Amino acid sequence: MKNLIVAASAVILILTIMQLQFQCNELLRRKQNLKYAADEAAASAALCCDDESFGIGVLKFDRRTAQKRAEETIRLNLTGRYEENLRWEIRFFDEEQDRPHVVVTIYQRELKAVSTYEYVGC
């Protein structure tokens, strides 16, 4: 009887550890996918420069086009079960011309992925 109790408790312990490992791996995979989508969205948004200001040597973002491209990129990269409780914000920092940059933050439940695309040496 003692052997049965020890064996049953060992099986329960192993199953518990396996379940925790599975949840940890799933969380890590979700975090990596959110980070990838945020990186791609920031890069897409940063490519949308305002043509008129760029022509005179000032780097300003075309915010409407950049917002649309970043949202499309996020939607394309995060489909299926990643769409639930998904929200994002896109911020542009182009007032200071020494380092204009775009920051994309994606939230999903308890996870948060932040990506910054920065122009250096403009």
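Note that this is a predicted model, so its numbers are computed, not measured.

Here the focus is the overall build of the chain. The helix and strand tally for the chain stands at three helices and three strands. Overall, the chain shows an N-to-C arrangement of helices and strands of α-α-α-β-β-β. Computed over C-alpha atoms, the radius of gyration of the chain comes to 22 Å, more than 25% over the 14 Å expected from 2.2 N^0.38 for 122 residues, which places it beyond the range of a compact globule. Taken along its principal axes, the extent of the C-alpha atoms in the chain is 85 × 30 × 15 Å. Across the 122 residues of the chain, 31% fall into the buried class. Taking the contacts inside the chain whose residues are at least 6 apart along the sequence as the reference set, 51% of them involve residues at least 24 apart. Put simply, the chain shows about 8400 Å² of open surface, and 56% of that area lies on carbon and sulfur atoms.

What follows covers the pattern of salt bridges. Note on pairing: side chains with opposite charge can pair once their charged atoms come close. In this structure the tally under the stated criterion is five salt bridges. Between Arg-29 and Glu-26 there is a salt bridge; the shortest N-O distance is 2.8 Å. Note that Arg-29 and Glu-26 are positioned in helix H1 (residues 2-46) at a spacing of three residues, about one turn of the helix. For Arg-30, the salt bridge identified is with Glu-110, shortest N-O distance 3.1 Å. Remark: Glu-110 occurs in the loop between strand E2 (101-108) and strand E3 (111-118) and Arg-30 occurs in helix H1; sequence separation between them is 80 residues.

Further remarks concern the confidence of the model for the chain. On average, residues of the chain score 88 in pLDDT, and 96% of them are at 70 or above. No element of the chain has a lower mean pLDDT than helix H2 (residues 51-55), at 78, and none a higher one than H1, at 94.

On to the packing of aromatic side chains, then. Inspection of the entire model under this criterion finds one aromatic pair. Here Phe-61 and Phe-92 contribute two aromatic rings whose centre-to-centre distance is 5.8 Å and whose plane-to-plane angle is 40°, an arrangement assigned as tilted. One end of the pair, Phe-61, is in the loop between H2 and helix H3 (63-77); the other, Phe-92, is in strand E1 (residues 86-93), with 31 residues separating them in the sequence. Accessibility classification places Phe-61 together with Phe-92 in one group, the buried group. For the cation-ring pair, Arg-87 lies above Tyr-107, with the distance from its terminal atom to the ring centre recorded as 4.3 Å.

Our next topic: the side chain of Ser-44. Within the element layout of this structure, Ser-44 appears in helix H1. Among the residues examined, Ser-44 registers a relative accessible area of 18% and is labelled buried. Within the structure, Ser-44 has its side chain in polar contact with the side chain of Thr-73 (distance 3.2 Å). The residues contacting Ser-44, other than those within four sequence positions of it, are Arg-69 and Thr-73.

On to the nonpolar core. In terms of nonpolar packing, the biggest core is built from 24 residues, with Leu-34, Ile-74, Leu-78, Phe-92, Val-102, Val-104 and Ile-106 touching the most fellow members. Listed by contribution, the elements that provide at least two residues to this core are H1, H3, E1, E2 and E3. With seven residues, H1 is the largest single contributor of residues to this core. Residues contacting Val-104, with those up to four places away along its chain left out, are Ala-38, Ala-41, Ala-42, Ile-74, Glu-89, Ile-90, Ala-113, Val-114 and Ser-115.

Thresholds, definitions, all that
Per-chain numbering applies: the sequence of each chain, read as written, is numbered from 1 onward. pLDDT decides what is reported in this predicted model: residues at 70 or higher carry local features, side-chain atom pairs at 80 or more are listed and counted, and totals for whole chains, interfaces and linings draw on all residues regardless. Side-chain descriptors were evaluated using all non-hydrogen atoms of the structure, hydrogens and water having been removed beforehand. A helix here means a DSSP run of H or I that spans at least four residues, while a strand means a run of E at least two residues long, and both kinds are numbered starting from the N terminus. For this measure, only C-alpha atoms enter the radius of gyration; the expected value for a globule follows 2.2 Å times N^0.38, where N is the number of residues. The rule is simple: take the accessible area with a 1.4 Å probe, protein chains only, and divide by the maximum for that residue type; under 20% is buried, over 50% is exposed, in between is partly exposed. By the convention used here, residues are in contact when the closest approach between their heavy atoms is within 4.5 Å. Only the protein chains shown count as cover for residues, with accessible areas throughout obtained via the Shrake-Rupley method and a probe of 1.4 Å. When a carboxyl oxygen of Asp or Glu is within 4 Å of a side-chain nitrogen of Lys or Arg, the pair counts as a salt bridge. Per-residue confidence from the predictor is reported as pLDDT, a score between 0 and 100. Working definition: rings of Phe, Tyr and Trp (its six-membered ring) pair if their centres are within 6.5 Å, and the pair is stacked with planes under 30 degrees apart, edge-to-face with planes over 60 apart, and tilted otherwise. Whether a charge lies above a ring is judged from NZ of Lys or CZ of Arg, which has to be within 6 Å of the ring centre and within 35 degrees of the ring normal. Residues adjacent in sequence count toward polar contacts only when both atoms are side-chain atoms; beyond that, a polar contact is any pair of N or O atoms within 3.5 Å, and within protein one must be able to donate a hydrogen and the other to accept it. Residues grouped as a nonpolar core are buried Ala, Val, Leu, Ile, Met, Phe, Trp, Tyr and Cys residues, joined through side-chain atoms within 4.5 Å.

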